[in-house]
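Read off the chains here:
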Amino acid sequence: MFVKENAPESFKEMYLHLSGGWWDEKRPNTWFADHDKQIYINMRGKEGAETPVFFYMYYQGYIVEFAVWDYDEHDEHVYVKIPDALKYQKSEIEAVIRTAHKETNAFNYFMRCRVNEIKNCEFKWSIYRKYNEKIILHKFERSVSMKNKDYVIIQVQDIISAGTTKPPLGRHNYIIYLHPEDRKIHINTDFRRKENQNYQCCMHYDRILCNSLAEFSTLPEKRIQNQAYGAWMDGAHS
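Residues numbered from 1 in each chain as written. Predicted model: local features only at pLDDT ≥ 70, side-chain atom pairs only at ≥ 80, totals over all residues. Heavy atoms only, no water.

Asker: Even after reading the chapter, I still don't get the overall build of the protein chain, so can you show me in this structure?
Answerer: Tallying secondary structure elements over the protein chain gives 5 helices and 14 strands in all. For the protein chain, long-range pairs separated by at least 24 residues make up 57% of all intrachain contacts whose partners lie at least 6 apart in sequence. Carbon and sulfur atoms make up 49% of the accessible area of the protein chain, which amounts to about 12300 Å² in all. (Helix = DSSP H or I, 4+ residues; strand = E, 2+ residues; numbered from the N terminus. Contact = heavy atoms within 4.5 Å. Areas by Shrake-Rupley, 256 points an atom, 1.4 Å probe, with all protein chains shown as cover.)

Written as structure tokens, this is what we have:
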């Protein structure tokens with residue numbers, strides 16, 4: 001769930017990426033955070049009297065920019081710029097923004113800065129090449145004990161499923177497994193079988209797919225395919 005909070009000192013590096021390098025040592029550095037899903041949103045504010053309110057969001061290792069007009073305007077659009085690596089995840093990103101908007105009372109940063117209701121808004125998409133490189137911040141993407149590991153050994157009994165992406169996502173083999181440290185369900189596209197039948201997975205080609213087996217059983221195939229392609233793109237850009 002998204003909450004409005006003061007970004008802790010341990011998340012300073014993340015906050016600097018979202019705020020354009022701004023960190024106030026004397027006053028709170030407020031953002032919207034869903035720590036369970038590792039999604040963080042910073043309100044940059046307006047860039048002039050006749051502009052919408054701009055937001056920068058950390059999502060799956062990339063920066064997503066979106067803009068919404070403030071509450072006294074009547075533009076029924078949300079404008080979103082995404083890197084090429086996320087172009088097949090528009091529906092997931094839209095759902096995240098809508099959820100964050102709802103759970104934070106319309107991004108109520110402070111009393112006089114709240115944006116439009118977006119329930120009936122149409123999302124307009126564009127590719128933003130400025131943020132096409134993945135931000136490698138391992139301590140936010142994985143548990144602290146995992147952050148310096150390029151490879152992780154997965155026991156064969158923890159392999160849940162395997163498959164191959166389909167066009168237009170190319171043909172990339174993937175495995176889905178229970179991670180031995182964070183105990184979440186991951187998807188990986190750079191792996192090899194060891195002599196002892198366990199798997200060695202490169203964590204640069206890896207994403208958290210969901211939090212539990214119960215959640216995995218409800219995932220649509222499209223979501224799995226998109227995340228497999230995203231994991232492969234993550235590694236290609238790392």
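Asker: Explain the environment of C210 here, please?
Answerer: Along the chain, the position of C210 falls in strand β14 (residues 206–210). In sequence terms C210 and L178 are 32 residues apart; their C-alpha atoms lie 10.0 Å from each other. Here C210 is in contact with K184, I185, E215, F216 and L219, once residues within four sequence places are set aside.

Asker: It is not clear to me how the side chain of N226 should be interpreted in this structure. Could you clarify?
Answerer: Here N226 shows up in helix α5 (residues 221–237). By relative accessible area, which is 5% here, N226 ends up buried. Those residues in contact with N226 that lie beyond four places of it in its chain are Y88, Q89, E92 and L169. (Buried < 20%, exposed > 50% of the residue type's maximum accessible area, 1.4 Å probe, protein only.)

Asker: It is not clear to me how the sheet that holds strand β11 (residues 185–188) should be interpreted in this structure. Could you clarify?
Answerer: The pairing of strands in a sheet happens through backbone hydrogen bonds and is either parallel or antiparallel. If you walk across this open sheet you meet the 4 strands as β9-β10-β11-β14, and the pairing is antiparallel. Here the strands that pair on one side only, and so sit at the sheet edges, are β9 (159–164) and β14. Taken pair by pair, the neighbouring strands of this sheet meet at an average axis angle of 25°, ignoring direction. Judged from the 4 bridges that link them, strand β10 (residues 173–178) and β11 form a sheet pairing that is antiparallel. Looking across to β11, one finds that I176 is bridged to I187. The strands touched by α5 are β9, β10, β11 and β14; relative to β14, the strand with the most contacts, the crossing angle is about 160°. (Pairing = 2+ DSSP bridges. Axes fitted to C-alpha atoms, helices over the stretch in contact; angles between N-to-C directions.)

Asker: Would you explain the packing of aromatic side chains in this entry?
Answerer: The geometry of an aromatic ring pair is captured by two quantities: the separation of the ring centres and the angle between the planes. Applying the stated criterion to the full structure yields 11 aromatic pairs. A ring pair is formed by W31 and Y40, whose centres lie 4.8 Å apart and whose planes are at 25°; its orientation type is stacked. The same class applies to W31 and to Y40, which are both buried. Here Y88 and Y229 contribute two aromatic rings whose centre-to-centre distance is 5.2 Å and whose plane-to-plane angle is 80°, an arrangement assigned as edge-to-face. On the criterion of sequence distance, the pair formed by Y88 in the loop between β6 (77–82) and α2 (90–103) and Y229 in helix α5 is long-range, its members being 141 residues apart. (Phe/Tyr/Trp six-rings, centres within 6.5 Å; stacked < 30°, edge-to-face > 60°.)

Asker: Would you explain α2 in this entry?
Answerer: Each α-helix turn comprises 3.6 residues. Residues three or four places apart therefore point the same way. Along its 14 residues, α2 runs 20 Å from first to last C-alpha, staying within 8% of the 20 Å computed at 1.5 Å per residue. For α2, the complete set of buried residues consists of E92, I93, V96, I97, A100 and H101. On its buried face, α2 sits against β3 (39–46), β4 (53–59), β5 (62–68), β6, β7 (122–127) and α5. A positive phi of about 55° marks N105, the residue just after α2. (Expected span 1.5 Å × (residues − 1).)

Asker: Teacher, can you tell me more about the pairing of β11 here?
Answerer: Every regular strand shows the same layout, with side chains that alternate between the two sheet faces. Neither face of β11 is left uncovered, since the one carrying I185 and I187 and the one carrying H186 and N188 both have all their residues buried. Between β10 and β11, which pair antiparallel one after the other, the connecting turn spans 6 residues, and R183 there sits at a positive phi close to 60°. Bridging between β11 and β14 involves 4 bridges; their strand directions are antiparallel. Bridge pairing links N188 to D206 in β14.

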